[in-house]
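# A closer look at the structure
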Number of protein chains: 2
Amino acid sequence: MSEKEPSRVRRRNDPLDHSVLRKSERTRLAIINAALEFLSTHPFRDLTVAQLMSLAGTSRSAFYQYFEDLHDLMEKLLRGLEEDIFQVAAPWFQGDGDPIPMLEETMAGLVQLCYRQGSILRAVADAAPQDERLEHVWLEFLNDFDDAVTDRIEQHQASGLIEPFDARPVAIALNRMDASLLIHHFGRRPRSQQQPVREVIVRIWTSTLYPELSREGSVPAQSRSRRKAKPGK
Amino acid sequence: MSEKEPSRVRRRNDPLDHSVLRKSERTRLAIINAALEFLSTHPFRDLTVAQLMSLAGTSRSAFYQYFEDLHDLMEKLLRGLEEDIFQVAAPWFQGDGDPIPMLEETMAGLVQLCYRQGSILRAVADAAPQDERLEHVWLEFLNDFDDAVTDRIEQHQASGLIEPFDARPVAIALNRMDASLLIHHFGRRPRSQQQPVREVIVRIWTSTLYPELSREGSVPAQSRSRRKAKPGK
DNA sequence: AGTATAATCTGACGTCATGTCAGAAAAAGA
DNA sequence: TCTTTTTCTGACATGACGTCAGATTATACT
């Protein structure tokens, strides 16, 4: 998310009128915001540079001062998400203790995040196959997740929490499921409810990874609604 | 592949030489074959009408006599797959008896089919977000599967084979996983091996749908490759 | 503030793939 | 061989892209 600092703040007069930001930075943000707004209501295929820049309030050609092309813009948007996602996923990946509650927490966070940013995720996924470079970034993004999940499964296998099996294919499968599901449910309006999505993800992960643990204490696994999940504001 | 016959010989006596097919039909097939060949080695984004028609051996504009545009062509290709897929999936959907072997059979068939036709699947999935109509067809295709799986789960729930839970979200999740996975592993060259993919799909479906049944008889589920699985081909 | 300089913007241009159409060429039928 | 129908083709118009030189505006310094 954080690019470079506003850096040398040597404003002598009061650049505050124009906000502390450099012009270029303001324009860049205007473009990004226009894109976010547009993509929250339209599919990526309808986004053109002309459209976008008229929303952003400058001329079409100015776009190319900030991004190589639309796919480059999507890449930047993805990078923004990436951090948040890895951060919100931390509990299951790094916590210790009963893995199922950690899984639930991680997935709740993931679902909530994607509930808000799902349109970006969808836009990136839609755009990726059109551009070799973006596709590479997207696959790398997914692959990072595969690596992380594989590691975590192997750790839990080493400590006996998960029975031994080839971890990577399972990690890939679960991740692809998550991605497709999150995009499917939250990638366009109107969005699905969070709860059923959260529940089904947790159900499949736990029955796949922790079958013995999951057998108990969850009837149909309906009433497991946890803390009110602060409305997130 | 095939240029045009030495032709020049307009023998209307035996149209068999030019095959029994009408010219238009031969051209249509030439286009489709050129597309299949191209897509088995290149991503959809590199396919242009000009490229395609030069492979097919006729002029660019002739393309539009047969298809509205490239997305329409992709739709036709998808329709071709659709039948095969539903057919090969029959065992679990329609058979009766122990559900796990049926699942295994269905998934083996699915994996094998997609091993061969994966590039089409990928091309369609890649192309879908670019065209409203194709996207609709693709989503409908997935949705038909969701319906079928939901029904089957509910049947098995009614007969006590599967514990009660909201079937549709689970069906959706499992289907999206399958689709992503099949495209991921078989959508481009070099392709993954069939066995691990088949195994992981079966593992996740069974542990999700038939957790009690699956607990037994499968150690880590590695050594389940009893039969030599005739080398494919 | 006033001005020099650097940063940013803009319109015009060339490119490429698309989809259409009228006329040419070839196939089908007799 | 001739006629009719089908199929193909080149040329055109369109729309989005990405670039660039010159104009315009912001910024820094006195």
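The structure this text deals with has already been given above.
Every value quoted in this text rests on a predicted model; they were computed, and no experiment measured them.

Procedures and definitions
Residues numbered from 1 in each chain as written. Chains lettered and ligands numbered in written order. Predicted model: local features only at pLDDT ≥ 70, side-chain atom pairs only at ≥ 80, totals over all residues. Heavy atoms only, no water. Contact = heavy atoms within 4.5 Å. Buried area = accessible area lost by both parts, 1.4 Å probe. Salt bridge = Lys/Arg side-chain N within 4 Å of Asp/Glu carboxyl O. Helix = DSSP H or I, 4+ residues; strand = E, 2+ residues; numbered from the N terminus. Phe/Tyr/Trp six-rings, centres within 6.5 Å; stacked < 30°, edge-to-face > 60°. Buried < 20%, exposed > 50% of the residue type's maximum accessible area, 1.4 Å probe, protein only. Axes fitted to C-alpha atoms, helices over the stretch in contact; angles between N-to-C directions. Parallel < 35°, antiparallel > 145°, perpendicular 65-115°, else oblique. Left-handed = near helix turned anticlockwise from the far one by under 90°. Nonpolar A, V, L, I, M, F, W, Y, C, P; charged D, E, K, R; others polar.

Here we come to the interface of chain B and chain A. Listed as interface residues are 36 residues of chain B and, on the opposing side, 36 residues of chain A. Here chain B meets chain A over a buried area of about 3,100 Å², counting both sides, of which 57% is carbon and sulfur. At the boundary of chain B and chain A, one finds eight salt bridges. At the level of elements, α5 (99-127), α6 (132-158), α7 (167-186), α8 (194-209) and α9 (211-215) of chain B are the ones that each hand at least two residues to the side of chain B that touches chain A.

Turning next to unusual backbone geometry. One can expect most non-glycine residues to show negative phi and most peptide bonds to be in trans. In the segment running from R189 of chain A into P190 of chain A, the intervening peptide bond is cis, with an omega of -5°. For P190 of chain A, the location among the structural elements is in the loop between α7 (167-186) and α8 (194-209).

Bringing the packing of aromatic side chains into the picture now. For any pair of aromatic rings, geometry is given as the distance between the ring centres together with the angle between the planes. This structure, assessed with the given rule, holds 18 aromatic pairs over all chains. Pairing W92 of chain A with W205 of chain A gives two aromatic rings, centres 5.6 Å apart and planes at 85°, and the pair type is edge-to-face. A residue pair is termed long-range when its members are at least 10 positions apart, and W92 of chain A in helix α4 (residues 90-94) and W205 of chain A in helix α8 qualify at 113 residues. As far as burial versus exposure is concerned, W92 of chain A and W205 of chain A are alike and both buried. Between W92 of chain B and F93 of chain B the ring centres are 5.1 Å apart and the planes differ by 70°, which places this aromatic pair in the edge-to-face class. F93 of chain B sits in the buried class, given a relative accessible area of 17%.

All names here are of chain B. Their axes nearest at 9 Å, the elements α5 and α8 cross at an angle of 140°. Taken as axis vectors, α5 and α8 run oblique relative to one another. The element α5 and its partner α8 pack so that their crossing is right-handed. Within the contact between the two elements, α5 uses I100, L103, E104, M107, A108, V111, Q112 and Y115 and α8 uses Q194, V197, R198, I201, V202, W205 and T206. Here the residues of the contact of α5 with α8 sort into ten nonpolar, three polar and two charged.

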